[in-house]
Every structure is written in structure tokens, then in C-alpha cells.
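# A closer look at the structure
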Amino acid sequence: MSSDTFLIEGGHRLEGVVRVGGAKNSVLPILAATILTEDTCVIEDVPRLADERIMTSILRHFGATVTEGSDLHTGLRTLEVRLAQKVTNTSPPNLMKEMRSSIFILGPLLARFGETTVTQPGGCSLGERPIDWHLEGLKALGASIDVREELERPDVDGRTSDPDGKISYYHAVARKLHGATISLPFPSVGATENIMMAATLAGGESVILNAAREPEVVDLANFLNAMGAKVRFAGSERIIITGVERLHGATHRVIPDRIETGTLMVAAAITGGEVLLENAIPEHVEALSRILHSAGVRIWEENSPYESRIGAGMTGRPSAVDFETGPYPHLATDLQPALTALMCLANGRSLITDTVFPNRFAFADGLQSFGAVMEHFPKARRLLVEGQPSLKPSDVVVPDLRGGAALILAALASPGISCIRGVGHVDRGYEAVESKLNRLGAVIKRVKNCDIPWDHP
Ligand code: UD1
């Protein structure tokens, strides 16, 4: 992961039009789903992201050919993927530990080849992120999964991904998966997707109860159906999958990234600006729009026969709003850090609760160094923010992907120069974030080193 730094001259109003790219959280499971067929799949509007590169490297490791191109008519970036036959049984531990979404390969590899070994996935430090529901779901479909621990080989700097230097190997076998009813304890996005992918090639009917309803789950189901799968009711709490003998190649355009959409809406609000977002789906950011509206942000829609657009603009200080994250259609936990940054400048006090991840406030210290005033209640997964009339520039280190977005937003709103270190986390999920923001009037420079001794009065 790159350790680049952003130097941000804050205090500029963002204004203009920008296009939202394809959704990271759609493209990762969709790329994994290409494993399910020996034919070629073409995925359109694939954002250039560090996480997408990790997923394509994992696919190549198993023997896939991945060719980058662009659509003749739209110019959108495409990836053509084909895994004719796998050349190895075991996933690459160094790539798997780079991101949590690497676990998406487990269901498809097992369903198509009947056996695989994957190593433990890594990811953002949002607290414990187990994969037990993925494993339980696949076991219910008839897989036997053994876990063994081995000592991890340290990298060139002598570091290991686990503090104890251990790595877990999940060896999964199933001669033929069979349909089952799986009731998830919580509507986990990843578990729903992994089980759904595996069930497409299982014998008979599978039902996922308490399934995640996120738009990315629906997008994956649409791709699977384009490949010949029979997935019904994706987007509801009860998904039914009727297994088929084989899947074929398909072409699919991923949905717009609703987290990028929401982050850019907040960027307009926090800088007192006005932006129009092309390729944005209002329904996907409804919960966010409601909160922003209560805070005094103007939000409008512009629809054409070809695409929908969302506008967001703000004058004056936002009003404080209490909010809580939850599974879709509630507010996305991935948008909580950005909204929290906005509340730091609100008129009044906001109580923010994240019900999805146990540790989603790692960026709070960073916001405080911009002059934000808040109190963290870790056990209750709550943050109480006392809005301030203004923020001051700071020098901070990015703790995780969405926390990084919050710190960038705080810097955009702070007149003067801020230094945001370790933006590699942000590159995992936001495509060319600085060019998009600069096009709207931000002043952001990416540098390799930032040795300036930062001194803030
Ligand atoms: C996905 C998104 C991520 C988003 C999250 C919640 C992708 C690639 N990533 O992550 O951006 O923040 O949804 O909307 O789509 N859990 C378990 N056991 C499991 C699985 C999950 O305990 O086997 C817990 C997690 O620790 C977490 C909660 O369930 O507390 C929700 O996680 P989940 O919905 O699975 O998130 P991801 O799919 O990892």
C-alpha cells in the first residue's frame, strides 16, 4: 500500500460537475464471481482502485487472464476476465491479507472446482471482522472446511500480518454442493454474497434468510443471472437461488459507487459549495440525503433518459443531527466518517452511533487535531460531537479507508494547509480522489514525502 501524502490547501468552495465511478463493493465480488465460469466475462466501468488490483492479482494467481480495455462507445474502463482452468489450489497469503474482500474467492472456487485452500483475509482495522458466517453458510451447502494454523513467513522487513506470526489456512472440499436454507445472524453483505455465489452451482434450491439488501448484492445477483444463474429476490431479506449445472460468460456494467456519491455530497456541503454528480443513483443514498437535508443541505435530482444525477449544495453552517448507521436501507456505515466530519462544523451537538462495526471511530483522534470537539464512548459505539464554528489545518495519519475520507473532508474545510499522511488506505476505495476533488476547485497535491515539520499555532 502506498504511503503517499496529500497536501491540502483548505478553505476553497467546491463547485462543478463530476462523474461517480463504478462501485468498489460491487466490482470486488463480481470479479470473484467470474471464477464460476470457464468462459470470458467482461466487466464495465471498473474503477482503478488498489483493492481491484489486489483482486485481479489473486485471479491471475489462480490462472485467470485479465485484460484491461475501454468500451468503444462509452470509453469506460473494462476488464475482460477468463479463468479457463485453475493452475493452483492455494490462494496467495500475501495478497489475501491485503484486504478482507479476498474471502469472496472462497465460495466460487469451491462451487466450480470442488476444493480449494484460502488463507485468512486481512483488511481495515474496524475491530474484529470474523468470517464465521461465510464458513457456516458454505458448510450448510455441504462443504467440509478444515482450519489449520501455520507460522507465517515474515516479509522483507521482518513483519508478519498477525502479531503472533500465525496464519490460518481454510481447506474447503465439496464433491458437489447442495441447496440449503441458511439464516444469517445479521444481514452480512459479504456472507450473503459468498453464499449466493456458491449456491448458483449447488444442486437444488438454496434460501438465504436475513440476507443483506445492499444495492451491491442486487448488482452481483444481476451479474450472476446474466451468467445463467437463477437468483431471485436479491434486495429482499429472503434470497432464493436455484442451482444450475454451469454458468457462461457475460458482460455487465457495475452500478455507480454510492459511497463515493455520498462522500462527494458531503464534500460540497462541508466547503459551502455546490456540486452535481453524474452517474449517481438517488435511491442508493436516500438515508444519507435525509440526514443531509435535516442538516440544511440542499439536495436535488436531475434525471435524463440516460442517467440520473444528484446535486448537493450548502450555504452557512450545518445544523447538528443525531444519526445511526445500519444495514441497507439504513445509513451506510461507510458514510458515517464523512458525515461525522460535517457534524464537527455543525451548529449544536450530534450523537453518532455505528451499529455495524465495533471500532469505526479510529479517525476521531485525527478530527480532534483539526480542532473538532468530541467524546468517544467505545462500548456504546457512540461519538458525541460538539460542533465548532470552524476547524484549523492539521497534520494527520490516515487510520483506514473511510476514516481517511473524513480527514480529507476536514482538511478541505480548514483554511490553510493540512497534511494527510498514508493516503494508500484511501486509494483502496476512491478512484483518483484528488483529481476529482481538484476538478471541483479543491487544491490537493499528492507527494511521496512530506518532511516539512508541521507546526500549527
Ligand atoms: C461490506 C462492505 C464494507 C461495509 C460493510 C458493512 C464490501 C466489499 N465491503 O463489508 O465496505 O462497511 O459491508 O456495510 O462489500 N460479521 C461477522 N461474521 C461474518 C461476517 C460478518 O461477525 O462472517 C460481522 C462483521 O464483523 C460486522 C458485521 O457483521 O460487524 C457486518 O459485516 P459485513 O456486512 O459482513 O461486512 P463486509 O461484507 O465485510
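Residues numbered from 1 in each chain as written. Predicted model: local features only at pLDDT ≥ 70, side-chain atom pairs only at ≥ 80, totals over all residues. Heavy atoms only, no water.

Cis geometry marks the peptide bond from Tyr328 to Pro329, where omega comes out at 15 degrees. Assignment of secondary structure puts Pro329 in the loop between β17 (323–324) and α10 (336–343). Positive phi, close to 40 degrees, is recorded for Ala432, a residue that is not glycine. Within the element layout of this structure, Ala432 appears in the loop between α13 (424–427) and α14 (433–439). The partly exposed category is assigned to Ala432, whose relative accessible area is 35%. (Helix = DSSP H or I, 4+ residues; strand = E, 2+ residues; numbered from the N terminus. Buried < 20%, exposed > 50% of the residue type's maximum accessible area, 1.4 Å probe, protein only.)

The assigned domain composition of the protein is domain 1 (5–21 + 256–447) and domain 2 (24–253). Using only C-alpha atoms to locate each centre, domain 1 and domain 2 end up separated by 29 Å. Contact residues are listed per partner, giving 23 residues for domain 1 and 22 residues for domain 2. In this assembly, domain 1 packs against domain 2 so that about 2000 Å² is buried in total across both faces, 53% of it on carbon and sulfur atoms. Three residues, Tyr328, Arg428 and Glu431, lead the burial of domain 1 against domain 2; their summed loss comes to 31% of the area buried on that side. There are three salt bridges connecting domain 1 and domain 2. With a closest N to O distance of 2.8 Å, Glu216 and Arg258 form a salt bridge. Viewed at the interface, domain 2 and domain 1 are joined by seven residue pairs in polar contact (both at pLDDT 80 or more). Partitioned by chemical class, the residues of the side of domain 1 that touches domain 2 number eight nonpolar, five polar and ten charged. (Domains from an automatic or database assignment. Contact = heavy atoms within 4.5 Å. Buried area = accessible area lost by both parts, 1.4 Å probe. Salt bridge = Lys/Arg side-chain N within 4 Å of Asp/Glu carboxyl O. Polar contact = N/O pair within 3.5 Å; in protein donor to acceptor, adjacent residues only side chain to side chain. Nonpolar A, V, L, I, M, F, W, Y, C, P; charged D, E, K, R; others polar.)

With that settled, the discussion passes to the side chain of Gln388. Inspection of the secondary structure puts Gln388 in the loop between β20 (382–386) and β21 (395–397). Among the polar contacts listed, one links the side chain of Gln388 to the backbone oxygen of Glu386, at a separation of 2.9 Å. Filtering out sequence-adjacent residues up to four positions away, Gln388 remains in contact with Arg317, Cys344, Leu345, Ala346, Gly371 and Val373.

By nearness alone, 20 residues border the ligand, and Arg100, Asp132, Ser188, Asp334 and Val356 come closest of all. In this structure, an oxygen atom belonging to the ligand sits 3.3 Å away from a main-chain N or O atom of Pro130. One nitrogen or oxygen atom from the side chain of Asp334 is found 2.5 Å from an oxygen atom belonging to the ligand. For the ligand, the accessible surface in isolation is 740 Å², of which the surrounding protein chains cover 89%. When residues of the shell around the ligand are traced back to their parent elements, those giving at least two are α5 (132–140) and α6 (189–199). In terms of residue count, α5 provides more of the shell around the ligand than any other element does, three residues in total. Partitioned by chemical class, the residues of the shell around the ligand number eight nonpolar, six polar and six charged. Two domains each donate at least three residues to the shell around the ligand, and these are domain 1 (5–21 + 256–447) and domain 2 (24–253). (Near = heavy atom within 4 Å. Areas by Shrake-Rupley, 256 points an atom, 1.4 Å probe, with all protein chains shown as cover.)

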